[in-house]
Amino acid sequence: MRIHTASLVLALLLACQADPPARQPLVLGDAAPASAPASAAAPASAAAPASAAPVTAAAMPIARAIVEEKARREERDRTLWAPEEEAQRYETAFIELWDAMRSGDAWVALRDFPLRTLEVPTLGPVRKLDQGITRRLGAPGPGRTLTRGEWPVWLDAWQKDGLEVLQAEFHHRAFTPGDPPRSQVAVELHLRQGGTRHRVTGTLEVVWAAPAAPDQAPTPAHITATGVQVDSRAEPTPFALWQTLPIGKNRPTSMLLHDLDGDGRPEIILPGANRRIRYKGDAFISEPLAAELLPGTDAAVLADFDGDGYVDLLGAGRQDGRLVLVAYGGDAEGHFFGPPNPVFQAPQPLENVRVFAVGDVDGDDDLDLWVAQYRGAYQGGHMPTPLGDAADGWPGYLLLNEGGGTFRDATPGSGLEAKRARHTQSATFFDQDGDGHLDLITVNDFAGVDLYRGDGKGHFTDASAVIDERRLFGMAHAFGDFNNDGQLDVLATGMSSTTVRRLNGLGLVRPDHPGDRDLRTAMTFGNRLKAIGPGRRQARPGSRSPLTWRPAAGRGDGGLDVENDGDEDVSSWPTGSSAGGRPGTTARATGGTTSTSTTRWIPPPPTCSSGSSSARSRGASPGTA
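Residues numbered from 1 in each chain as written. Predicted model: local features only at pLDDT ≥ 70, side-chain atom pairs only at ≥ 80, totals over all residues. Heavy atoms only, no water.

Concerning the overall build of the protein chain
Applied cut-off: A run of H or I in DSSP becomes a helix once it reaches four residues, and a run of E becomes a strand once it reaches two; helices and strands are each numbered from the N terminus. We call a residue buried when its accessible area falls under 20% of the maximum for its residue type, exposed when it is over 50%, and partly exposed in between, using a 1.4 Å probe and counting protein chains only.
Of regular secondary structure, the protein chain possesses nine helices and 34 strands. In the protein chain, which comprises 625 residues, the proportion classed as buried is 45%.

This is the structure:
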């Protein structure tokens, strides 16, 4: 399909062009010796930009191959992917509606939506749920049909009655070509009226009108709202904005919570902004975290690494243009003093440290580290491969504490080498099988969940096969006893894809890649909930729930009891959230069921753990990045 084709071709063509005259030309294929004189390169005009340099003779076959591949992709768009191309054309009406509602007045956007008729159901009786929530379902049978003229009048009545539109989502999950074409569009609305919040979900069954001209955008002829469900809850809501924290101009990428000064109240630690935020009186006060904190310390962890009884700060920051691992010693008042102390010199430059998992993995009573990096897509023209098992990122390191907070690389021979270059987003040391030794779980983009069992001596065995389906675009994870059975469960957050559901519904797959359907379905399942131990040798599959099948690509997951009802809840914050974006999700526990998802922190002693930069042991603090 057309997605990314133009960008890919442009990047590869630029890579095939000659470098500026001061450097050797970039030669792909049979490269000339490094000692070849610069004069051997095809001369470029001094006035011409470097991008206009001619393609070298050796690069011509590569350039031709790119042009041919582009032609093949365009041909597939016209043939194999034609139904999906048509689906993308028809969904434009809802994409424009969604964008307009996000960026402007939602009521104006709804009034301007070009529908002809809309059938809405009559709502059934009120059903009372727990936590003060009520539910009403759309009644079966014909409902009320609104014409184009009645639609804005109907909207005006709701707006005048005090209804507010807080958020909307539209997902074109199914398309049927034909005469007329038809679509299924999943809709979710968050509304507020008179002190009550409403969440409306359902499916819009769309019959499309034929465009008057080939270049005209399709519009709906008739829409029927089906499967409507309205969940309502009286305010005040569980959370309300109290104070915007003064973090300064920097945008932190990790957050830690720990009571550094021993006053019984945890501080908020934002290493990326060099901020420690204390609660004093009735407000939060921001102050520097460390006087000599290196810039770019986006990932960090709190734990007592030198064994002096005080929490230290260890992070990855920029020094002399390089990313380095350094530590800052702590004192009894929770201050971090002195210059950064290097704790490890990587054999190759560190690029993007994203994850710290902390625990005593070799049984010598000090804290060791698993340090992982995240490369992701489009770094230097690179795309993680193969999808579902990508391990072609930047390497991770198992670092054993030598005492006093200095570390040595113990990755070779540890059993972690084969997948050390995963695109890792989160990791935790914990005792999965109940044998008293720390095991390791990693959650990885473009691959999924990996599980390694430790022997207590710093060696690990890959046990990922015990997880029934581990593939996903892994973003983060959280632990908890989700169903109150005394066993540890893990929620791994991932990504879903409306496009994949639509492709599967259309039955589209490349004939030369028949396994793509199963792979893309598994990878875009969303979040995965697994019962994983400790004491469970086999990880059983988790059930689908609102947080597993309707994910928002949560990059930070954490557990807390929101309502103080004894059940554990989970909070997940998605990527790219903003005032106009998708909000964070808090899923509630319902007392031993998995109809909603829950989590709480359960560190099997002795252990430390990391979402992306967190730990708990000898004063270490859990958190996420």
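Considerations on the packing of helix H7 (residues 498-506) against helix H8 (residues 516-523)
Rules: Here an axis means a line fitted to C-alpha atoms, over the contact stretch when the element is a helix, while the angle between two N-to-C directions is reported on a 0 to 180 degree scale. For any helix crossing, the convention is left-handed if the near helix is rotated counterclockwise from the far helix by under a right angle, and right-handed if that rotation is clockwise. By definition, residues are in contact when any of their heavy atoms lie within 4.5 Å. Basically, the charged four are Asp, Glu, Lys and Arg, the nonpolar ten are Ala, Val, Leu, Ile, Met, Phe, Trp, Tyr, Cys and Pro, and anything else, Gly included, counts as polar.
One can describe the packing of H7 onto H8 by two numbers: an axis separation of 10 Å at closest approach and a directional angle of 150°. For the crossing formed where H7 meets H8, the hand is left-handed. Between H7 and H8, the contacting residues are Val-500, Leu-503 and Asn-504 on the first element and Arg-517, Arg-520 and Thr-521 on the second. A class-by-class count of the residues in the contact of H7 with H8 yields two nonpolar, two polar and two charged.

Digging into the pairing of strand S1 (residues 117-120)
To keep things clear, this is the line we draw: Criterion used throughout: strands pair if DSSP finds at least two bridges between them.
Relative to strand S4 (residues 144-147), S1 runs antiparallel, the two sharing four bridges. By the bridge assignment, Leu-118 is partnered in S4 with Leu-146. Summarising the sheet, S1 and strand S8 (residues 220-234) pair through three bridges and their orientation is parallel. If you follow Leu-118 over to S8, its bridge partner there is Ile-223.

Details of the packing of aromatic side chains
Here is the rule: Ring geometry is summarised as follows: Phe, Tyr and Trp rings, the Trp one being its six-membered ring, pair when their centres sit within 6.5 Å, and such pairs are stacked at plane angles under 30 degrees, edge-to-face over 60 and tilted between the two. Placement of a charge over a ring requires the Lys NZ or Arg CZ to be within 6 Å of the ring centre, with the centre-to-atom vector within 35 degrees of the ring normal.
Overall, the coordinates contain 15 aromatic pairs when judged by the stated rule. Ring geometry for Tyr-90 and Trp-208: centres 5.2 Å apart, planes at 65°, overall edge-to-face. Linking Tyr-90 in helix H3 (residues 82-90) with Trp-208 in strand S7 (residues 196-208), this pair joins segments that are 118 residues apart in sequence. For Trp-208, a relative accessible area of 2% translates into the label buried. Following the ring pairs from residue to residue traces out a cluster consisting of Tyr-90, Phe-94, Phe-113, Phe-170, Phe-175 and Trp-208. Sitting over the face of the ring of Tyr-397, Arg-420 holds its NZ or CZ atom 5.0 Å from the ring centroid. A cation over a ring is seen here: Arg-528 above Phe-525, with NZ or CZ 4.3 Å from the ring centre.

Focus on the sheet that holds strand S19 (residues 397-401)
Read from one edge to the other, the open sheet built from four strands follows the order S17-S18-S19-S20, with strand pairing classed as antiparallel. Two strands in the sheet have a free side with no partner beyond their single neighbour: strand S17 (353-359) and strand S20 (407-409). Within this sheet the neighbouring strands show an average axis-to-axis angle of 25°, counted without direction.

Side note on H7
Applicable threshold: Polar contact criterion, stated in full: a pair of N or O atoms within 3.5 Å, where within protein one must be able to donate a hydrogen and the other to accept it, and residues adjacent in sequence count only if both atoms are side-chain atoms.
Every buried residue belonging to H7 is among Thr-498, Val-500, Arg-502, Leu-503, Asn-504 and Leu-506, and all of these are buried. Summarising the contacts, the buried residues of H7 are in contact with H3, strand S5 (164-176) and H8. Where H7 starts, the residue carrying a side-chain oxygen 3.4 Å from the main-chain nitrogen of Thr-499 turns out to be Ser-497. One or two steps after H7, the chain reaches Gly-507, where phi turns positive at roughly 70°.

Side note on the pairing of strand S13 (residues 299-303)
Counting buried positions along S13 yields five of five residues, so the element is predominantly enclosed. In S13, alternate side chains face the same way, and those of Ala-299, Val-301 and Ala-303 on one face and Ala-300 and Leu-302 on the other are all buried. Judged from the five bridges that link them, S13 and strand S14 (residues 312-319) form a sheet pairing that is antiparallel. Its bridge partner being in S14, Ala-300 is matched across the sheet by Gly-315.

Overview of the pattern of salt bridges
The cut-off we apply is this: What makes a salt bridge here is a side-chain nitrogen of Lys or Arg within 4 Å of a carboxyl oxygen of Asp or Glu, nothing more.
Overall, the coordinates contain 25 salt bridges when judged by the stated rule. Salt-bridge contacts for Glu-287 lead to Arg-278; the nearest nitrogen and oxygen are separated by 2.6 Å. For the pair formed by Glu-287 and Arg-278, the shared burial category is buried. For the salt bridge of Asp-450 with Lys-419, the shortest nitrogen-to-oxygen distance reads 3.3 Å. In this pair, Asp-450 is assigned in strand S23 (residues 447-454) and Lys-419 in the loop between S20 and strand S21 (423-430), connecting sequence segments 31 residues apart.

Some words on helix H4 (residues 92-103)
Put simply, the test is: A helix is expected to reach a length of 1.5 Å times the quantity of its residues less one. Directions are taken from the helix axis to each C-beta atom, and the arc is the one they span.
An ideal rise of 1.5 Å per residue puts 16 Å on 12 residues; H4 measures up with 16 Å between its terminal C-alpha atoms. For H4, the complete set of buried residues consists of Ala-93, Phe-94, Leu-97 and Met-101. Viewed along the axis of H4, the buried residues span an arc of 90°, placing them on a single side of the element. Exposed and oriented more than 90 degrees from the buried face of H4 are Glu-96 and Ser-103. The elements touched by buried residues of H4 are H3, helix H5 (106-112), S5, strand S6 (182-193), S7 and S8.

A short note on the nonpolar core
Test applied: Only buried residues count toward a nonpolar core. Its members are Ala, Val, Leu, Ile, Met, Phe, Trp, Tyr and Cys residues joined through side-chain atoms within 4.5 Å.
Judged by nonpolar contacts, the single largest core of 36 residues is most densely connected at Phe-94, Leu-97, Met-101, Phe-170, Leu-204 and Ile-223. Beyond its immediate sequence surroundings of up to four residues, Leu-97 is in contact with Ala-109, Leu-110, Phe-113 and Phe-170. Ala-303, Ala-327, Leu-367 and Leu-399 belong to the second largest nonpolar core, which has 22 residues in total.

Some thoughts on the sheet that holds S14
Taken together, the four strands give an open sheet; going across it, the order is S13-S14-S15-S16, and neighbouring strands pair in antiparallel fashion. If you trace the sheet from one side to the other, it starts and ends with S13 and strand S16 (336-344), each paired once. On average, adjacent strands in this sheet sit at an angle of 35° to one another, irrespective of strand direction. As judged from the seven bridges shared by S14 and strand S15 (residues 322-330), these two strands associate in the antiparallel manner. Bridge pairing in S15 links Leu-313 to Tyr-328.

Regarding the packing of H3 against H7
Packed helices, taken two at a time, are described by their axes: the angle between them and the distance between them. Let me state the cut-off plainly: The labels follow the angle: roughly parallel below 35 degrees, roughly antiparallel above 145, roughly perpendicular from 65 to 115, and oblique for the rest.
Direction vectors running N to C along H3 and H7 enclose 130°, while the axes themselves pass 10 Å from each other. By the angle between their axes, H3 is oblique relative to H7. Where H3 crosses over H7, the handedness of that crossing is right-handed. For the pair H3 and H7, contact is made by Pro-83, Glu-84, Ala-87 and Gln-88 and by Thr-499, Arg-502, Leu-503 and Leu-506, respectively. Across the contact of H3 with H7, the residue classes tally to four nonpolar, two polar and two charged.

Topic: unusual backbone geometry
The step from Asp-179 to Pro-180 runs through a cis peptide bond, and the omega angle for that step is 10°. Tracing the chain through its elements places Pro-180 in the loop between S5 and S6. Residues Thr-385 and Pro-386 are joined by a peptide bond in cis, for which omega reads -10°. If you trace the backbone, Pro-386 turns up in the loop between strand S18 (368-373) and S19. Located in the positive-phi region is Asn-274, a residue other than glycine, with phi close to 50°. The residue Asn-274 is located in the loop between strand S10 (267-270) and strand S11 (275-280) in this model.

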